[in-house]
Amino acid sequence: MTPDDLLRDFARTRASLDGEEVTYWWSGDVHAWAPGEPYRHVFGFEGVNVSRLVSEEEGGGYRMLSREAAFYLDPVTREILETWQEKPVVHVWNDPANLRLRPFPVPRTELGDQVCFSLEIPLAYPSPLPVADYPLNSADDTYRALELFQFFTPAAALAGGAPSVPAAMSWTRMSPWLPWMEQGQRPGGLTFHCRGAKLGSYAEVPERTRAYIAGRHPEFARAPEKWTEPNETSWTYFRALHPRAEAR
């Protein structure tokens, strides 16, 4: 398959070629690790991404406009946390979480009656939270993480001409300690392990989660109307909540 073909099939799996909004929902867990210590199950995790595609006139690609909200849960009760070890929890409110999709050889694996698209995304860039300014919240002046995605779709659906195909997904993320955990430069970090699916509509998101979003940031029930940048991340969102003068 050509890179154009691969991108088109991946775009149909991740979103919808007709520009309709697509909702992904996922659930999973977060584990902590540190040298010489046992692994710890610290949080449950649940999230929602609402996106839509816009075709780019040049380059044959797409712009994916999206917002993404995700919540840290009690690992046993699965209730949304407001505090952890007497610290306020800062949930994920990424607006925007946009992505440019250009033709490239998307890794594609045939798995019997399923097709899997996989993405491995290593990240390393100057941290929005320099250690000198945020000594309790930042482990390094370089932000490093690894994002691992897999999207699964029925081969028969992909062989058809529908602009959007059913999909399930898995996501693993290795990251530093979260800024609000106040772990400073302590060695170690977190591993996120989640799975989810493309839903028929936002109304299929669990009611508890929809109510939480509606009561705090109702705009996260919809995709953005226009492209903006830069993207929001947990680190930039924390910085906006805690400018340097207010950093704890």
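Treat the numbers as computed from the prediction; the structure is a model and nothing was measured.

Counted by the stated rule, this structure contains 22 aromatic pairs. Both rings, one in Phe45 and one in Trp171, keep their centres 6.0 Å apart while their planes meet at 35°; by these two values the pair is tilted. Here Phe45, found in strand E2 (residues 40-55), pairs with Trp171, found in strand E11 (residues 168-175); they are 126 residues apart in sequence, far enough to count as distant. For the pair formed by Phe45 and Trp171, the shared burial category is buried. Seen from the ring of Trp227, Arg63 lies directly overhead, with NZ or CZ sitting 4.7 Å from the centre. If you follow Arg216 out to its NZ or CZ, it ends over the ring of Tyr212, 3.6 Å from the centre.

For Tyr62, the position within the fold is in strand E3 (residues 62-73). For Tyr62, a relative accessible area of 12% translates into the label buried. For the pair formed by Tyr62 and Arg102, sequence separation is 40 residues and the distance between their alpha carbons is 6.6 Å. With residues near it in sequence (within four places) discarded, Tyr62 still touches Leu7, Arg8, Ala11, Leu17, Leu53, Val54, Ser55, Glu56, Leu99, Arg100 and Leu101.

Counting buried positions over the 12 residues of E3 gives 10, a clear majority of the element. If you look at the hairpin formed by E2 and E3, you'll find six residues sitting between the two strands, and Gly59 has a positive phi there, around 95°. The pairing of E3 with strand E7 (residues 99-101) spans three bridges and is antiparallel. Bridge pairing links Met64 to Leu99 in E7. Judged from the three bridges that link them, E3 and strand E6 (residues 92-94) form a sheet pairing that is antiparallel. Bridging from a neighbouring strand, Ala69 pairs with Trp93 of E6.

Reading guide: rules and limits
Residues numbered from 1 in each chain as written. Predicted model: local features only at pLDDT ≥ 70, side-chain atom pairs only at ≥ 80, totals over all residues. Heavy atoms only, no water. Phe/Tyr/Trp six-rings, centres within 6.5 Å; stacked < 30°, edge-to-face > 60°. Helix = DSSP H or I, 4+ residues; strand = E, 2+ residues; numbered from the N terminus. Buried < 20%, exposed > 50% of the residue type's maximum accessible area, 1.4 Å probe, protein only. Lys NZ or Arg CZ within 6 Å of the ring centre and 35° of its normal. Contact = heavy atoms within 4.5 Å. Pairing = 2+ DSSP bridges.

That's the geometry; what it means functionally is another story.
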